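Fold and geometry: a report
The chain contents come next:
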Amino acid sequence: MRYQVLSVLFDGVPNPEKKLMTRDSLTLAGNKVTVPTRLNRTKSELFFHSPYQDKSCNDCHQSAMSNALQEKLPDLCYECHDDFKEEYSYLHGPVASGACLTCHHPHLAKNESLLVRTGREMCLYCHQPRDVARVEDHEGEEQTICIDCHNPHGGDDNFFL
Ligand code: HEC
Ligand code: HEC
Ligand code: HEC
Ligand code: HEC
Ligand code: HEC
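Residues numbered from 1 in each chain as written. Chains lettered and ligands numbered in written order. Predicted model: local features only at pLDDT ≥ 70, side-chain atom pairs only at ≥ 80, totals over all residues. Heavy atoms only, no water.

1. Comments concerning the packing of aromatic side chains
Spelled out, the test is: Within 6.5 Å between ring centres, the rings of Phe, Tyr and Trp (the latter by its six-membered ring) count as paired, and their orientation is classed by plane angle as stacked under 30 degrees, edge-to-face over 60, tilted in between. Note on classification: 1.4 Å probe, protein chains only; a residue is buried when its accessible area is under 20% of the maximum for its type, exposed when over 50%, partly exposed between these limits. As a reminder, the over-ring test applies to NZ of lysine and CZ of arginine, requiring each to be within 6 Å of the ring centre and within 35 degrees of the ring normal.
By the definition in use, this model includes three aromatic pairs. Each ring, one from phenylalanine 48 and one from tyrosine 52, has its centre 6.5 Å from the other, and the planes form 10°; the classification is stacked. Assessed through its relative accessible area of 12%, tyrosine 52 is described here as buried. Between tyrosine 78 and phenylalanine 84 the ring centres are 6.1 Å apart and the planes differ by 85°, which places this aromatic pair in the edge-to-face class. A residue is classified by how much of its surface remains accessible, and tyrosine 78, at 10% relative accessible area, is buried. Chaining the aromatic ring pairs together yields one cluster made of Tyr78, Phe84 and Tyr88. One Lys or Arg, arginine 117, reaches over the ring of tyrosine 125 and ends 3.5 Å from the middle of that ring.

2. Considering the site of ligand 4
Quick reminder of the rule: Being near a molecule or strand, for a residue, means having at least one of its heavy atoms within 4 Å of it. For the purposes of these results, a polar contact is taken to be a pair of N or O atoms within 3.5 Å, where, inside protein, one atom must be able to donate a hydrogen and its partner to accept one; residues adjacent in sequence count only when each atom of the pair is a side-chain atom. Note on conventions: DSSP H or I runs of at least 4 residues are helices, E runs of at least 2 residues are strands, and numbering of each starts at the N terminus. Gly is placed with the polar residues, together with every amino acid not listed as nonpolar (Ala, Val, Leu, Ile, Met, Phe, Trp, Tyr, Cys and Pro) or charged (Asp, Glu, Lys and Arg).
Near ligand 4 there are 14 residues, and of these His92, Met122, Cys123, Cys126 and His127 occur at the shortest range. For ligand 4, a nitrogen atom lies 2.8 Å from a polar atom in the side chain of histidine 92. In this structure, histidine 127 approaches ligand 4 through a side-chain N or O atom, which is 2.7 Å from a nitrogen atom. Secondary-structure elements contributing two or more residues to the shell around ligand 4 are α6 (93–96) and α7 (119–124). Residues of the shell around ligand 4, tallied by class, amount to eight nonpolar, six polar and no charged.

3. Some details on the coordination of the iron atom of ligand 1
By definition of the ideal shapes, four donors in a tetrahedron about a metal sit 109.5 degrees apart, and six donors in an octahedron sit 90 or 180 degrees apart. To keep it simple, the criterion reads: Atoms are scored as donors when they are N, O or S and lie within 2.8 Å of the metal, with 3.2 Å used for Na, K and Ca; no water is included, so coordination may look incomplete. Here a site with four donors is tetrahedral if all angles are between 85 and 135 degrees, and a site with four or six donors is square planar or octahedral if opposite donors are over 155 degrees apart and the other angles are between 65 and 115; anything else gets the irregular label.
Around the iron atom of ligand 1, the protein contributes the donor atoms His61 (NE2) and His107 (NE2), which lie 2.0 Å from the metal centre. For the iron atom of ligand 1, the six donor atoms in the first shell make angles of 86 to 179° at the metal, so the coordination geometry reads as octahedral. Highlighted residues: histidine 61 in strand β4 (residues 61–63) and histidine 107 in the loop between α6 and β7 (108–109), separated in sequence by 46 residues. Take histidine 61: its relative accessible area is 15%, and that puts it in the buried class.

4. Overview of the coordination of the iron atom of ligand 4
Distances from the iron atom of ligand 4 to its protein donors, His92 (NE2) and His127 (NE2), fall at 2.0 Å. Of the residues examined, histidine 92 reaches a relative accessible area of 22% and is grouped as partly exposed.

These figures capture arrangement, not role.
Below is the structure:
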């Protein structure tokens, strides 16, 4: 984890929290989510991204004056998380293009793993049901959650099985 390193690096940058925390809701892929004005660690119905919960806003944002990010995605995420490019021979399209936020919220979510959508819906947000239905191996799996078979990020074969 390079989290510690980052915190040290950005120490001394003015804390944007005061200004930004006046917002009480954020939009998660079209769903409004109410954020407690004072982050409450015991708020059980929400899952928090730990640097957000720790109010380390500057780990990701440049300053109080803008929400601009320290780095573009996915590089920002790879400051703290293992780079999927190094982990897998084949990368899933949105992972390769840095579209992490189509599946994850950077701050908090109602679902585990900061997911903005779950189950088959998470995948059918982009993949057309009729294309999925055409695959022979999907026969009889109409109710199975896609990630029971596919890795959402990548894998060592081109279908990330
Ligand atoms: C792990 C990185 C990360 C941390 C930590 C983080 N943010 Fe963000 N934040 C993001 C990303 C990524 C976006 C989306 C930016 C985009 O869509 O261009 C965002 C967006 C925002 C936005 C705009 C969202 C909207 O709905 O308009 C605000 C305001 C914001 N962050 C405030 C904060 C505050 C306040 C904190 C600290 C309590 C914080 N962020 C901590 C990554 C982070
Ligand atoms: C400043 C460091 C930092 C950055 C930048 C960062 N993360 Fe994290 N993230 C963490 C830490 C710390 C955890 C908690 C890890 C743990 O508990 O093992 C975490 C956990 C997660 C989890 C798992 C949450 C859970 O409840 O299991 C996801 C998903 C995640 N991060 C996605 C992202 C994405 C997407 C980005 C880029 C937008 C990102 N992270 C950027 C530090 C960071
Ligand atoms: C297609 C949806 C999707 C996309 C796009 C996506 N993720 Fe995930 N991610 C998931 C799911 C689903 C999980 C939970 C996996 C599980 O429960 O086994 C997860 C879990 C994680 C975790 C928790 C630890 C782990 O490896 O399981 C991290 C960190 C993470 N994602 C980071 C990222 C980053 C960084 C990106 C962009 C480069 C990204 N994700 C793009 C769906 C996605
Ligand atoms: C943000 C849109 C998006 C989401 C959400 C998404 N995908 Fe994808 N997926 C893509 C793109 C783009 C490609 C690359 C398509 C290509 O190269 O033809 C892809 C490719 C794939 C492939 C490889 C197909 C091939 O022919 O190589 C599989 C398997 C796959 N996705 C499964 C999933 C699963 C499972 C989920 C849910 C966990 C999911 N996708 C969610 C956009 C998405
Ligand atoms: C029972 C396991 C299983 C489940 C559940 C499953 N898949 Fe698959 N999927 C497979 C296998 C196996 C292949 C590889 C087919 C091949 O080798 O041609 C595949 C192939 C694919 C492909 C590539 C198809 C192509 O030829 O372009 C996509 C995209 C895909 N799956 C998406 C999904 C999505 C989205 C879901 C959930 C709605 C899902 N899969 C659920 C096993 C599964």
